[in-house]
Structures are given as structure tokens and as C-alpha cells.
Amino acid sequence: QAVINIMNNAAGALEEKSGKKFISIEITTGSGNGRIKISNNGPQISAEIQEKIFVPFFTTKKNGSGIGLSIAQEIVRLHKGSLMVFSSGEYTSFVIEL
């Protein structure tokens, strides 16, 4: 469910983008840990928004509920992992580490 929520947000970020649209999923494992990185080339997320992005009911979308990323973060936490966002340059990435 966490990955689905992040993928839905990535797809939504690309809705208004013209030109080439890009979403990637990178899965890596090593020394007992797993990492899922979901990236897209939608609009960059400002540092101010990044601070609020996992707060329940916070949204920047007209028709958004603001619960998708907060639920994703809670699911990852319940599995003793972390969910982080990185947005700079051309890409925004959400990284799940378990």
C-alpha cells in the first residue's frame, strides 16, 4: 500500500507536465536491508513543502485528501523502516528503507 500511494502521487505529479514524463522504481538489497526508490521528473517539491509532506491531511492538490503519504509513512514505520523524500534538480525521489 505504501508503494501504491507513492506511485499514485508520482503519477499525479506528472499530470500537468508537458514533454517526456518519467517514473522509475529501483529496488536494492544488501546486508539485511532493503531499499525501494521511486523517482519522477515532475515539479520539484520545495523544502518548505517537504517539511509538511507527511503530515496527515496536508495537501497541495485541489482534490487531494492529504492522507496518502502519511499512511505510507505509518506503514513503513510499522515495519521498522523509514520513508524519506528528496527533491532537487530534475527529479523527486521517495526512498523506503527497511
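This text follows the structure it describes.
Our subject in this report is the structure included herewith. Quick caveat: nothing in here was measured; it's all calculated off a predicted structure.

Side chains Leu83, Val85 and Ser87 project from strand E3 (residues 82-88) onto a buried face, and the interleaved Ser82, Met84, Phe86 and Ser88 project onto a face without burial. For E3 and strand E4 (residues 91-97), the ladder comprises 7 bridges, and the chain directions are antiparallel. Bridge pairing in E4 links Leu83 to Ile96. What sits between the antiparallel neighbours E3 and E4 is a turn of 2 residues, in which Gly89 has the positive phi angle 60 degrees.

Let's shift gears to the nonpolar core. The biggest cluster of nonpolar side chains holds 13 residues, and the ones touching the most others in it are Ile6, Ile53, Phe54, Leu83 and Phe94. Going through the elements one at a time, helix H1 (2-13), helix H3 (68-78), E3 and E4 are the ones with two or more residues in this core. Considering every element that reaches this core, the biggest residue donor is H3, with 3 residues. Among all residues touching Ile6, those that are not within four sequence positions of it are Ile38, Leu69, Ala72, Leu83, Phe94 and Ile96.

The next subject is the side chain of Thr92. Checked against the element boundaries, Thr92 lands in strand E4. Of the polar contacts made by the side chain of Thr92, one reaches the side chain of Ser87; its length is 2.7 Å. Setting aside residues up to four positions removed in sequence, Thr92 forms contacts with Ile38, Ser39, Asn40, Pro43, Gln44, Ile45, Val85, Phe86 and Ser87.

The subject of this paragraph is H1. Taking 1.5 Å of rise per residue, 12 residues should cover 16 Å, and H1 covers 17 Å from first to last C-alpha, within 8% of that figure. By the burial criterion, the buried members of H1 are Ala2, Asn5, Ile6 and Ala10. The arc that holds every buried residue of H1, seen down its axis, measures 140 degrees, which confines them to one face. Buried residues belonging to H1 abut strand E1 (23-30), strand E2 (33-40), H3, E3 and E4.

A separate point is the sheet that holds E2. Read from one edge of the open sheet, 4 strands run E1-E2-E4-E3, paired in antiparallel fashion. Lying at the two open borders of the sheet, with one neighbouring strand each, are E1 and E3. Direction aside, neighbouring strands of the sheet carry axes that sit 15 degrees apart on average. Pairing between E2 and E4: 6 bridges, direction antiparallel. From the neighbouring strand, Ser39 faces E4, where its bridge partner is Ser93.

Rules used throughout
- Residues numbered from 1 in each chain as written.
- Predicted model: local features only at pLDDT ≥ 70, side-chain atom pairs only at ≥ 80, totals over all residues.
- Heavy atoms only, no water.
- Buried < 20%, exposed > 50% of the residue type's maximum accessible area, 1.4 Å probe, protein only.
- Helix = DSSP H or I, 4+ residues; strand = E, 2+ residues; numbered from the N terminus.
- Pairing = 2+ DSSP bridges.
- Core = buried A, V, L, I, M, F, W, Y, C linked by side-chain atoms within 4.5 Å.
- Contact = heavy atoms within 4.5 Å.
- Polar contact = N/O pair within 3.5 Å; in protein donor to acceptor, adjacent residues only side chain to side chain.
- Expected span 1.5 Å × (residues − 1).
- Arc of directions from axis to C-beta.
- Axes fitted to C-alpha atoms, helices over the stretch in contact; angles between N-to-C directions.

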